[in-house]
Amino acid sequence: MRKGIALCVALALLLALTGCTGKQESTGDNASIVVGFSQLGAESSWRIANTVSMEQAAKEYGFSLMMENANQKQEKQIDAIRSFIAYRVDVIVFSPIVETGWDNVLTEAKQAGIPVILMDRMIATQNDSLYTAYVGADFYAEGRRAGEYLVRKADAIGAEHLRIAEICGTTDSTPMRDRQRGFMDVIGKDQRFEIVDSVDGDFLRSKGEECMRELLQKYGTDGIDVIYSHNDSMTLGALDVLESLNNPAAKDIILITVDGEKEAVEALKAGRLNCVVQCTPHLGPAVMKMVGDLKAGRELAKVNHPEEGYFSDFDDLTDPRVEGF
Ligand code: AHR
């Protein structure tokens, strides 16, 4: 709980720092500042909340937002970035669906003199000058938090051997890679834990359901002790399947999820999940503050992470600060 409450305080600080009170330094002609925003899709409640956050913050700052939704297709994101370059927008913001394959289009943006802010996800490149700044979660730290919760849980229940099935987010995306790496770095060398399977759920609720069915077919409820799922949408899909079984063994499975949307936090409070690692979708104010700073000629920090924590069945879940987005 301490970390969860710390998150609320830190987020309040972040909002204050980013001037998200609506009192941003409007010069009166902010509408002439055009932000080209390529959103990667609408795969989860997190993503939808993130899109809303970007739209609202752009409105508060008075910027003109040109938004394109790529419906989970990298080619569409590349096309959108090219159209922003052709339009000569002031700043390009995008949330890369996967890490690789951006160097060419970002070189074109650089040659056109348009700064690029990576929002939510990172890219893999040898050339860091292709983007001006990154703002988004520290996914590796999120994975570590999931692992730390599991170690604490195993200690508390005196478990000697726990079989873990991992439901992963979109292959080669930053949250998938880093949530997996962080988790493994915590539990990997502890003999009590065994990863029996890692399956791709693409951050979708429907795929979370599918994955859960497949896992049950392969291992049965008795062959899985822990589900570590990389986002709430997939977790809630998996939970639907587990609860439809009406089987007490399914209820004993320890469920760890990431994001912190309302439905997941309510499920935690109701004892249907065990741990919710937080990942805030409310990145819009920080992004728009950066756009304003860039236009004012100020330097941006290269990497900007919001503070995050986790809620779990070890916490006092009646605390009003335990809430989802
Ligand atoms: O990149 C952030 C991740 O993407 C969120 O955890 C997930 O819900 C979303 O789809």
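Visitor: I'd like to hear about the overall build of the chain, residue by residue, with values.
Guide: Helix and strand content of the chain: eleven helices and twelve strands. Relative to the globule expectation of 20 Å for 325 residues, the C-alpha radius of gyration of the chain, 20 Å, shows essentially globular dimensions. Along the first, second and third principal axes, the C-alpha set of the chain runs to 60 × 40 × 35 Å. In the chain, buried positions account for 55% of the 325 residues. The contacts of the chain with a sequence gap of at least 6 include a subset with a gap of at least 24, amounting to 77%. Accessible surface, the chain as shown: approximately 13900 Å² in total, 49% of it carbon and sulfur. Of the charged side chains in the chain, 34 are positive and 50 negative; the average position of the first set lies 3 Å away from that of the second.

Visitor: Account for the pairing of strand β10 (residues 275-278), with residues named and values stated.
Guide: With burial as the criterion, each face of β10 is covered, one bearing Cys275 and Val277 and the other bearing Val276 and Gln278. Taken together, the four bridges between strand β9 (residues 254-259) and β10 define a ladder with parallel strand orientation. Bridge pairing in β10 links Asp259 to Gln278. Assessed by its sense of winding, the connection that carries the chain from β9 through helix α10 (residues 262-269) to β10 is right-handed.

Visitor: Go over the sheet that holds strand β6 (residues 162-168) with me, naming the residues and quoting the values.
Guide: With mixed pairing, the six strands of this open sheet are ordered in space as β7-β6-β8-β9-β10-β12. Two strands in the sheet have a free side with no partner beyond their single neighbour: β7 (193-200) and β12 (310-312). On average, each strand axis in the sheet is tilted by 15° relative to the strand beside it, whichever way the strands run. As judged from the three bridges shared by strand β8 (residues 226-229) and β9, these two strands associate in the parallel manner. Within β9, the position partnered with Val226 by the bridge is Ile254. The strands touched by helix α8 (residues 232-244) within the sheet are β6, β8 and β9, with β9 carrying the most contacts at an inclination of about 150°.

Visitor: Report on the nonpolar core, specifying residues and quantitative values.
Guide: The biggest cluster of nonpolar side chains holds 69 residues, and the ones touching the most others in it are Ile92, Val93, Trp102, Leu150, Ile256 and Met288. Residues in contact with Leu150, not counting those within four places in the same chain, are Leu162, Ile164, Phe183, Ile187, Phe193, Val226 and Ile256. Listed in part, the 28 residues of the second largest apolar core include Leu216, Ala238, Val241 and Leu317.

Visitor: Tell me what's going on with the sheet that holds strand β4 (residues 116-119), and back it up with residues and numbers.
Guide: If you walk across this open sheet you meet the six strands as β2-β1-β3-β4-β5-β11, and the pairing is parallel. Edge strands, defined here as strands with exactly one partner in the open sheet, are β2 (64-69) and β11 (303-304). Bridge analysis of β4 against strand β5 (residues 133-135) gives three bridges, and the strand direction is parallel. Looking at β5, one finds that Met119 is bridged to Val135. Along the sheet, helix α2 (residues 45-61) makes contact with β1 (34-39), β2, β3 (91-94) and β4, crossing β2 at roughly 160°. Packed onto the sheet, helix α3 (residues 74-87) meets β1, β2 and β3 and runs at close to 170° relative to β1.

Visitor: Any chance you could break down the site of the ligand for me, citing the residues and the numbers?
Guide: Near the ligand, the surroundings consist of Glu43, Ser44, Trp46, Arg47, Asp120, Arg121, Phe139, Pro175, Arg179, Phe203, Asn231 and Asp259. Within the side chain of Ser44, an N or O atom sits 2.9 Å from an oxygen atom of the ligand. Interatomic distance of 2.9 Å between a side-chain N/O atom of Arg121 and an oxygen atom of the ligand. Contact with the protein chains covers 100% of the free accessible surface of the ligand, which is 280 Å². Those elements that place two or more of their residues in the shell around the ligand are α2 and α6 (174-187). Its residues assigned to classes, the shell around the ligand shows four nonpolar, two polar and six charged.

Cut-offs and rules
Residues numbered from 1 in each chain as written. Predicted model: local features only at pLDDT ≥ 70, side-chain atom pairs only at ≥ 80, totals over all residues. Heavy atoms only, no water. Helix = DSSP H or I, 4+ residues; strand = E, 2+ residues; numbered from the N terminus. Rg over C-alpha atoms; globule rule 2.2 N^0.38 Å. Buried < 20%, exposed > 50% of the residue type's maximum accessible area, 1.4 Å probe, protein only. Contact = heavy atoms within 4.5 Å. Areas by Shrake-Rupley, 256 points an atom, 1.4 Å probe, with all protein chains shown as cover. Lys, Arg positive; Asp, Glu negative; His and termini not counted. Charge placed at Lys NZ, Arg CZ, Asp CG, Glu CD. Pairing = 2+ DSSP bridges. Right-handed = clockwise from strand over helix to strand, strands pointing away. Axes fitted to C-alpha atoms, helices over the stretch in contact; angles between N-to-C directions. Core = buried A, V, L, I, M, F, W, Y, C linked by side-chain atoms within 4.5 Å. Near = heavy atom within 4 Å. Polar contact = N/O pair within 3.5 Å; in protein donor to acceptor, adjacent residues only side chain to side chain. Nonpolar A, V, L, I, M, F, W, Y, C, P; charged D, E, K, R; others polar.

In short, the description is geometric, and any link to function would need to be established separately.
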